[in-house]
Amino acid sequence: MTAATLAAPLAPARRPGVVAGLRHTFTLAWRSLVQIRHNPMELLDLSIQPVMFVLLFTYVFGTAIAGTPSDYLKFALPGIIVQNAFFATMTTGFGLNTDLTKGVFDRLRALPVARWAPLAGRILADTVKQAWSVALLIGVGMILGFRVNHGVAGLLAAFLLLLVFSLAASWISVLVGVLVSEPDKVQIFGFMVIFPLTFTSNAFVPTDKMPSWLQHWVEINPATILADALRGLLVSGPVAGPVARSLIWAGVLLAVFAPLAVRALRRRV
């Protein structure tokens, strides 16, 4: 071997193509889903906690707000689904921050893996978890007497709308997960922002039962708009307006937070 050969620069590693990147994404998404077996608390958040919310709100507040628990369930179940969806988006930031702080992203960078696959895999896995939670909530609601008045089409449309909105909102969680130093801080952010956001909406209480000064915010609250859209698709009420405004909100969240999150992630890794 000559000195010229030794001095020759190494050829840059070829980046994986789109097909390979998709394969990496699905593999990493499956990794995130399989981890549930080793983390029972995550299964608790995905399954037991949403069911507890349905039971508690229906039978504790149902008679006081709507007269009967069954009537309240028709109103509240879409709102509970919305609240659960907002909280579920925080798991994306929590898991992402855990991977960053434990060096998982550093190890993946040393492998021939598409640069965008770890983040895409995390979001895809959390979308599957979101779908499971929604299906579970609707199933429990139907056991308690909730009925979908617009058939399978309305159910599928509501399901798709919620997943689209959750996918867009998850970029807020991604940004927080990249910026904070510990996974627990993602949860703190979630409680500080999502609790006020959902409880100052009409997810659980009709707007006209709130103070007049609060009603102005409630009407433009994205949680209210999404809850109204789900009520229209699943039970009754306006559909086109709330669905269109929900999609607009989703587009705004995606346009604002996705570029910020990607930029912050590039700086950190």
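Procedures and definitions
Position numbers for residues count from 1 along each chain, tracking the sequence in the order it is written. Residue-level local features of this predicted model are given only where pLDDT is at least 70; pairs of side-chain atoms are given and counted only at 80 or more, and the full residue set underlies all totals for whole chains, interfaces and linings. Working from all heavy atoms in the structure, the side-chain values ignore hydrogens and water. In this analysis a 1.4 Å probe is tested at points of a 1 Å grid over the protein atoms alone, and where it fits but cannot get out there is a cavity; an open set with protein on both sides within 12 Å along at least five of seven lines is a pocket; lining residues have an atom within 4 Å of a point. Grid points are joined across faces, edges and corners, and a volume is the space filled by probe spheres set on the points. Numbered from the N terminus, helices here are DSSP runs of H or I no shorter than four residues, and strands are runs of E no shorter than two. UniProt positions are given in the numbering used here, feature names are shortened, and annotations may be inferred rather than shown by experiment. Each salt bridge in this description consists of a side-chain nitrogen of Lys or Arg and a carboxyl oxygen of Asp or Glu lying within 4 Å of one another. Exposure categories follow from relative accessible area, calculated using a 1.4 Å probe and restricted to protein chains: below 20% of the type maximum is buried, above 50% is exposed, and the middle band is partly exposed. Fitted lines through C-alpha atoms serve as axes, helices being fitted only where they are in contact, and the angles separating the N-to-C directions of these axes extend from 0 to 180 degrees. Every angle not falling under 35 degrees, over 145, or within 65 to 115 is termed oblique; those three ranges are roughly parallel, roughly antiparallel and roughly perpendicular. Helix crossings get a hand from a simple test, with the near helix turned counterclockwise from the far one by less than a right angle marking a left-handed crossing and a clockwise turn marking a right-handed one. In what follows, residue pairs with any heavy atoms lying within 4.5 Å of each other are defined as contacts. As a working rule, the residues Ala, Val, Leu, Ile, Met, Phe, Trp, Tyr, Cys and Pro are called nonpolar, Asp, Glu, Lys and Arg charged, and the rest polar, with Gly in that last group.

(A) Up close: the layout of surface pockets. Considered as a void within the structure, the largest pocket measures approximately 810 Å³ in volume. Lining the largest pocket are 31 residues, with Glu42, Asp45, Thr91, Phe94 and Gln187 sitting closest to its centre. Counting residues per element, the lining of the largest pocket draws most heavily on helix H4 (residues 69-101), which supplies nine residues.

(B) Looking closely at the UniProt feature "domain: ABC transmembrane type-2" (unreviewed entry) in the chain. UniProt feature "domain: ABC transmembrane type-2" (unreviewed entry): in the numbering of this structure it lies at residues 41-268. Segment residues 41-268 splits into 83% helix and 0% strand. End C-alpha atoms: 28 Å apart.

(C) Region of the structure containing the pattern of salt bridges. Scanning all chains against the criterion turns up four salt bridges. Across the pair Arg31 and Asp99 runs a salt bridge, and its minimum N-O distance is 3.3 Å. Taken together, the positions of Arg31 in helix H2 (residues 18-34) and Asp99 in helix H4 put the pair 68 residues apart, joining distant regions of the chain. In this structure, Asp99 and Arg122 form a salt bridge, with 3.0 Å as the shortest nitrogen-oxygen distance. Taken together, the residues span a long stretch of sequence, with Asp99 in helix H4 and Arg122 in helix H6 (residues 117-144) at a distance of 23 residues. A network of salt bridges, in which partner residues are shared, links Arg31, Asp99 and Arg122.

(D) How the structure looks around the environment of Glu182. Locating Glu182 in the fold gives a position in the loop between helix H7 (151-179) and helix H8 (183-199). Of the residues examined, Glu182 reaches a relative accessible area of 42% and is grouped as partly exposed. Taking the C-alpha atoms as reference points, Glu182 and Arg31, separated by 151 residues in sequence, lie 21 Å from one another.

(E) Spotlight on the packing of H2 against H6. It is at 7 Å that the axes of H2 and H6 come closest, and there the two elements cross at 50 degrees. When the axes of H2 and H6 are compared, the pair comes out oblique. In terms of crossing hand, the pair formed by H2 and H6 is right-handed. Where H2 approaches H6, its residues Gly21, His24, Thr25, Phe26, Leu28, Ala29, Arg31, Ser32 and Leu33 are matched on the opposing element by Ala117, Pro118, Ala120, Gly121, Arg122, Leu124, Ala125, Val128 and Lys129. Each residue belonging to the contact of H2 with H6 can be placed in one class, and the counts come to 10 nonpolar, five polar and three charged.

(F) Up close: empty space enclosed by the protein. Throughout the structure, instances matching the rule amount to five cavities of 30 Å³ or more. Volume-wise, the largest cavity comes out at about 80 Å³. Lining the largest cavity, in full, are Ala88, Thr89, Thr92, Ile123, Asp126, Thr127, Gln130, Leu163, Ser166, Leu167 and Ser170. Every element with two or more residues in the lining of the largest cavity is listed here: H4, H6 and H7. Here the lining of the largest cavity is composed, by residue class, of four nonpolar, six polar and one charged. Taken as a whole, the second largest cavity encloses approximately 60 Å³ of empty space. As for the second largest cavity, its lining consists of Leu28, Arg31, Ser32, Asp99, Phe105, Leu108, Pro118, Gly121 and Arg122. Of all the secondary-structure elements, those providing two or more residues to the lining of the second largest cavity are H2, helix H5 (104-109) and H6. Taken together, the residues of the lining of the second largest cavity sort by class into four nonpolar, two polar and three charged.

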